[in-house]
Amino acid sequence: GITRHYDFNVQMANVTRLCGTKSIVTVNGQFPGPELIAREGDRVHVRVTNHVAHNMSIHWHGIRQLQTGWADGPAYVTQCPIQTGQTYVYKFTVTGQRGTLWWHAHISWFRATVYGAIVILPKLGVPYPFPAPHEEVPVIFGEWWAADTEDIMSKALKVGGAPNISDAYTINGLPGPLYNCSAKDTFKLKVTPGKTYLLRLINAALNDELFFSVANHTLTVVEVDAVYVKPFTVKTLVISPGMTTNVLLTTKPVYPNANFYMAAAPYSVIRPGTYDNTTVAGILEYHKPGSPSTPSLDKTLPLFKPTLPFFNDTKFVTSFTTKLLSLASKQYPAAVQQSVDRRFFFTIGLGTLPCPKNMTCQGPNGTQFAAAVNNVSLVLPSMALLQSHFTGLSRGVYASNFPAMPLSPFNYTGTPPNNTHVATGTRLLSLPYNTSVELVMQDTSVLGIESHPLHLHGYNFFVVGQGFGNYDPTNDPAKFNLVDPVERNTVGVPAGGWVAIRFLADNPGVWFMHCHLEVHTTWGLRMAWAVQDGTKPNEKLLPPPSDMPKC
Ligand code: C2O
């Protein structure tokens, strides 16, 4: 592989959407940010310089970061933030991955505007395990907020109530024609008949899982989270924050005399959504034979709209996620852990804390909303967890006693389930090198059931099982798929259900795991694993780079 160099200048830029202009944090003045391209096996050096008045850090979401945990990015987990005027060069190698990932700010809610695609091409000369596409196009979903997202975040923390929802969903930063004052800000995918396009879908939204569909066209899913899957074809798919999905879209064989909307709208069991005011649309625009190569939309043509599932259609979500299976071919085997060294059961969900004296809280019975894993709401320290882990100076920074089971008994009894106890703390779960881990995550919530996209840093895992109601440790494991389960870095804990994953702890360091709904992360739905070094040199975390930011 070669070394690819990128310069990321974090700077403010004025951006106008929905008839309002806002100064936002960007990389290089671009929104969405620049695309990072590498080939499998390449080294990547990204020189990040912070020119804004806030602390910053960037995460390379889904990059394994083997031995290079210092480049992972979450603030106060693997690094101190990059302060104003400072530079930090993230250095990592893209090992054993190919497909679509993405990068985003990993401090406060700055990822609202600081994000972009990571495209990992296969090694030179290695073809895709599907027909070569005519063109490849990143399609990044996001959310646009008219208000300042840092204000919204601090309100979510201080008032202890649910935050405002965004003003629009976006495709590649554009809300599209269904919002007021937005028709000119529409993503257009220009296509020609009879060709296949690879859409690299990324959900970079802060707080919403999304359905996506293209009117009168089908989507063939070929890869998720930079791992190939057994191809399957759908009209609509679901993608949660943190997830990436590559799909093939084949255009009509002849010019159709029509244009087609593509659209995304939220999946949420607790929040209503309706087609017209919470739908982002882009346009699939066919190139008319004989017209100039960059046509503008022919308004005389009919425009077809896709039908999306109802906002709380969990059945649809389940039927989609159960179709996801590893390709498991000779060339791309599924190396599922057949035996397990440690089993863990985590409850995932919202709960409540007593309302602090000087606040009015909006949680049930005047409590403050909180969120937790096994009833522990992680409090981040004022130095990086990885630094204290590496230097052995963990005393007073964190305790290695994260509970392997919930602190309070959990029984899923319907709506709402009954475990709302939350304790704050900085507790890590320590794992010896190469531990084979099985983790069952069970949804629970004070508000009612809710789905949570859980993201694990530093690893891919296999999704060996999922179900609804209480996880049954006696009978459910017999149904696990240990042959071709999907391998990924972000998985939905089903609303009112559970999911079981397996991974091999072969990457030493401190690895964050959290709900990728930003409001839940903020409320504490986050924990971290401390994976110990192995004995061989290539089993150890490398020393920190000399330009490592200081707190
Ligand atoms: Cu994409 Cu810790 O996040």
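What you see is a predicted model, and the numbers here were worked out from it, not measured in a lab. (Residues numbered from 1 in each chain as written. Predicted model: local features only at pLDDT ≥ 70, side-chain atom pairs only at ≥ 80, totals over all residues.)

Concerning the environment of Leu-199
- Considering the arrangement of structural elements, one finds Leu-199 in strand β12 (residues 196–203).
- With 22 C-beta atoms counted inside 10 Å, the residue Leu-199 sits in the buried group.
- Linking Leu-199 and Gly-497, residues 298 residues apart in sequence, is a C-alpha distance of 30 Å.
- Setting aside residues up to four positions removed in sequence, Leu-199 forms contacts with Val-137, Val-139, Val-247 and Leu-249. (Helix = DSSP H or I, 4+ residues; strand = E, 2+ residues; numbered from the N terminus. Buried ≥ 20, exposed ≤ 12 C-beta atoms within 10 Å, placed from the backbone. Contact = placed C-beta atoms within 7 Å.)

Comments concerning the sheet that holds strand β5 (residues 58–61)
- The mixed open sheet is built from 4 strands, whose spatial order is β3-β8-β7-β5. Both outer strands of the open sheet, β3 (36–39) and β5, are each paired with one neighbouring strand and no more. Recorded for the sheet is a direction-independent mean angle of 20° between the axes of neighbouring strands.
- One ladder, built from 6 bridges, connects strand β7 (residues 99–105) with strand β8 (residues 115–121); its direction is antiparallel. (Pairing = 2+ DSSP bridges. Axes fitted to C-alpha atoms, helices over the stretch in contact; angles between N-to-C directions.)

Some remarks on the pairing of strand β28 (residues 461–468)
- Counting buried positions along β28 gives 6 out of 8 residues, so the element sits mostly inside the fold.
- Alignment of β28 against strand β29 (residues 487–488), held across 2 bridges, turns out to be antiparallel. Bridging across to β29, Phe-462 finds its partner in Glu-487.
- Two elements, β28 and strand β31 (residues 497–505), share 6 bridges in a ladder whose sense is antiparallel. Considered in β31, the bridge of Val-463 is made with Ile-501.

Some words on unusual backbone geometry
- Here the amide bond leading from Phe-31 into Pro-32 is cis, since omega sits at -10°, within 30 degrees of zero.
- Along the chain, Pro-32 falls in the loop between β2 (20–27) and β3.
- Residue Asn-365 is not a glycine yet carries a positive backbone phi of 55°.
- Along the chain, the position of Asn-365 falls in the loop between β21 (342–353) and β22 (368–373).
- You can call Asn-365 exposed: it has 7 C-beta atoms within 10 Å.
- One non-glycine residue, Asn-434, lies in the positive phi region at around 70°.
- With respect to the helices, strands and loops of the structure, Asn-434 is situated in the loop between β25 (428–431) and β26 (435–444).
- A count of 15 C-beta atoms within 10 Å places Asn-434 in the partly exposed class.

Some points on the UniProt feature "domain: Plastocyanin-like" (unreviewed entry) in the chain
- UniProt's entry tags residues 9–123, 135–288 and 412–533 with the feature "domain: Plastocyanin-like" (unreviewed entry), counted in the numbering of this structure.
- Counting secondary structure, residues 9–123 comes out at 0% helix and 47% strand; the distance between its end C-alpha atoms is 29 Å. (UniProt positions renumbered as here; feature names shortened; annotations may be inferred.)

Observations regarding the nonpolar core
- Judged by nonpolar contacts, the single largest core of 156 residues is most densely connected at Ala-264, Ile-501 and Ala-528.
- Per-element tally for this core: the top contributor is strand β18 (residues 259–267), with 7 residues.
- When residues no more than four places from it in sequence are discounted, the contact partners of Ile-501 are Leu-439, Phe-461, Phe-462, Val-463, Val-464 and Val-491. (Core = buried A, V, L, I, M, F, W, Y, C linked by C-beta atoms within 7 Å.)

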